[in-house]
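Notes for the structure review
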Amino acid sequence: MIDLHAHSTASDGTFSPEELVAHAQEQGLSAVGITDHDTIGGWDEAMEAGRRLGVEVVPGVEFSVEDENGRFHLLGYYVDRQSHLVSQLAQLQHERAARNEKMYARLAEIGKPLDPARVREIAGPDAQIGRPHIAQAMLEAGHVATLQEAFDKYLASGGPAYLPKKVLTAQQVIEGIREAGGISVWAHPPFDRGKRSWDDYEAIMRRFVELGLRGVETYYWTYNAEEAAHMRAWAKRYNLLESGGSDFHGARKPNQLGTTQLGPVPDDVLTALKARIKVL
Ligand code: AMP
Ligand code: ZN
Ligand code: FE
Ligand code: FE
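Residues numbered from 1 in each chain as written. Chains lettered and ligands numbered in written order. Predicted model: local features only at pLDDT ≥ 70, side-chain atom pairs only at ≥ 80, totals over all residues. Heavy atoms only, no water.

1. Topic: the nonpolar core
Just so we agree on the cut-off: Joining through side-chain atoms within 4.5 Å is the link that ties buried Ala, Val, Leu, Ile, Met, Phe, Trp, Tyr and Cys residues into a set, and such a set is a nonpolar core. Working definition: with a 1.4 Å probe on protein chains only, accessible area under 20% of the residue-type maximum means buried, over 50% means exposed, and in between means partly exposed. Helix and strand assignments come from DSSP, with helices taken as H or I runs of at least 4 residues and strands as E runs of at least 2, each series counted from the N terminus. In what follows, residue pairs with any heavy atoms lying within 4.5 Å of each other are defined as contacts.
Core analysis: the largest hydrophobic core is formed by 47 residues, its most contacted members being Val32, Phe63, Leu74, Trp186, Met205, Phe208 and Leu257. Here this core takes five residues from helix H8 (residues 198–211), the largest share from any one element. Not counting residues within four places of it along the chain, the set of residues in contact with Val32 comprises Asp3, Ala6, Val21, Ala24, Val55, Glu56, Val57, Val58 and Leu257. Membership of the second largest hydrophobic core comes to 19 residues, among which are Val119, Ala127, Ile134 and Ala150.

Printed below as a string of structure tokens:
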């Protein structure tokens, strides 16, 4: 059993990279992908722990991208740390920090002030601060009764404290992953399930394939049988690698490491992924 989609404190997970790998070992996984949002900051600690604990750590990044059809998540596995793509992530982190400052200012203006030092504590010393951490600080400060209320009333797109985040385009990321020697995978394609038809999702899929996409998540924590079947059909139709996992975030979400609603991810998914790198 493996899991190729998991977050650590390097982004918005609650387990440190080392704890994530230790948890993978406890769950009996032979490999775990560390796929933090827009950062490779957890790789070194995770790989070191993996060597010590005998768990194969698959280095990944979950990129937030925009495209003409909306905003999507793309996973990149085994990208070269020296690549242009990875250097672009550092720039995005810089811009994210500036966005957070503006969100604190907005919240203060509407009478919901936060202590930025406390948000940093909540996120952990290495994490990129994002809206989930801000929501948690709002809950602690008594500004809201639930995390969801923080999003619904203040932080969600269109809310009074919302600010858009600069992101790379799908083309930049898919081409960047290829140039960086990695494998690109479309994460959880039917993410806004119900809002679009299967034909609409597939049109986006075709666009990504034209840009050079290499894989699709055919396994995902929330997939039902219909969604999984659609993803497998696409993988066949477009000659894509199958990938996926739990999207584990520690205590922040109910997702369980190493499993999905339809069962675990088989080892041969990773075997096929690595085989495809070798023939690049
Ligand atoms: P950020 O990168 O700071 O824009 O935060 C993005 C994260 O916020 C997502 O990965 C979700 O975990 C969370 N999020 C975004 N929108 C919502 C929402 N409407 N309700 C709950 N969580 C959300
Ligand atoms: Zn996340
Ligand atoms: Fe995602
Ligand atoms: Fe994720």
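That was the structure; now back to the text.
2. Observations regarding the site of ligand 1
Keep this limit in mind: Each residue is tested against the molecule or strand, and it is near if at least one of its non-hydrogen atoms lies within 4 Å. Here a polar contact is recorded for every N or O atom pair within 3.5 Å, except that within protein the pair must consist of a potential hydrogen donor and a potential acceptor, and residues adjacent in sequence are included only if both atoms are side-chain atoms. With residues, only the protein chains shown are counted as cover, and all accessible areas are computed by Shrake-Rupley using a 1.4 Å probe. Grid spacing is 1 Å over the protein atoms alone, the probe is 1.4 Å, and a cavity is where that probe fits but cannot get out, while a pocket is an open set with protein on both sides within 12 Å along at least five of seven lines and lining residues have an atom within 4 Å of a point. A molecule is said to be in a cavity or pocket once over half of its atoms fall within 2 Å of that pocket's grid points.
Surrounding ligand 1, one finds Arg96, Arg99, Gly130, Arg131, Pro132, Gln148, Phe151, Ala156, Lys165 and Lys253. Taking Arg96, its side chain carries an N or O atom lying 2.9 Å from an oxygen atom of ligand 1. Contact distances for ligand 1 include 2.7 Å between an oxygen atom and a side-chain N or O atom of Lys165. Here ligand 1, which alone exposes 500 Å², has 70% of that area covered by the protein. Of the pockets mapped on this structure, ligand 1 occupies the largest pocket.

3. Re the coordination of the iron ion (ligand 3)
Rules: Note that water is not among the atoms considered, so a metal site may appear incomplete; the donors listed are N, O and S atoms within 2.8 Å of the metal, with 3.2 Å applied to Na, K and Ca.
At this site the iron ion (ligand 3) is bound by Glu62 (OE), His73 (ND1) and His188 (NE2), with donor distances of 2.0 to 2.2 Å. Considered as a linear motif, the donors of the iron ion (ligand 3) on their single chain read E-x10-H-x114-H. What makes Glu62 buried here is its relative accessible area of 0%. Judged by its relative accessible area of 24%, His73 is partly exposed.

4. Let's talk about unusual backbone geometry
Unusually for a residue other than glycine, Asn239 sits at a positive phi of about 55°. Relative to the helices and strands, Asn239 resides in the loop between helix H9 (225–237) and strand E8 (241–245).

5. Digging into the coordination of the iron ion (ligand 4)
Each pair of donors in an ideal octahedron of six around a metal sits at 90 or 180 degrees, and each pair in an ideal tetrahedron of four sits at 109.5 degrees. What counts is decided by this rule: Note on geometry labels: four donors, all angles 85 to 135 degrees, give tetrahedral; four donors become square planar and six octahedral when opposite donors are over 155 degrees apart and every other angle is between 65 and 115; remaining cases are irregular.
Of the protein atoms, only His5 (NE2), His7 (NE2), Glu62 (OE) and Asp247 (OD) coordinate the iron ion (ligand 4), at distances of 2.1 to 2.2 Å. Taken together, the four donor atoms coordinating the iron ion (ligand 4) span angles of 80 to 168° at the metal, a pattern that classifies the geometry as irregular. Summarised as a motif, the one-chain spacing of the donors to the iron ion (ligand 4) is H-x1-H-x54-E-x184-D. Separating the iron ion (ligand 4) and the zinc ion (ligand 2) is a distance of 4.6 Å. With a gap of 240 residues between them, His7 in the loop between strand E1 (2–3) and helix H1 (17–26) and Asp247 in the loop between E8 and helix H10 (268–278) connect regions that are remote in the sequence. For the pair His7 and Asp247, one class covers both residues: buried.

6. Notes on the pattern of salt bridges
Which entries qualify depends on this criterion: By convention in these notes, a salt bridge is any Lys or Arg side-chain nitrogen within 4 Å of a carboxyl oxygen on Asp or Glu.
For the structure on display, the rule yields 14 salt bridges. The residue Arg207 makes a salt bridge to Glu68 at a minimum N-O spacing of 3.7 Å. Pair noted here: Arg207 is in helix H8 and Glu68 is in the loop between strand E3 (56–67) and strand E4 (70–77), with a separation of 139 residues, a long-range link. Overall, the relative accessible area of 22% leaves Arg207 in the partly exposed class. Via salt bridges that share partners, Glu18, Glu48, Arg51 and Arg52 belong to a single interconnected network.

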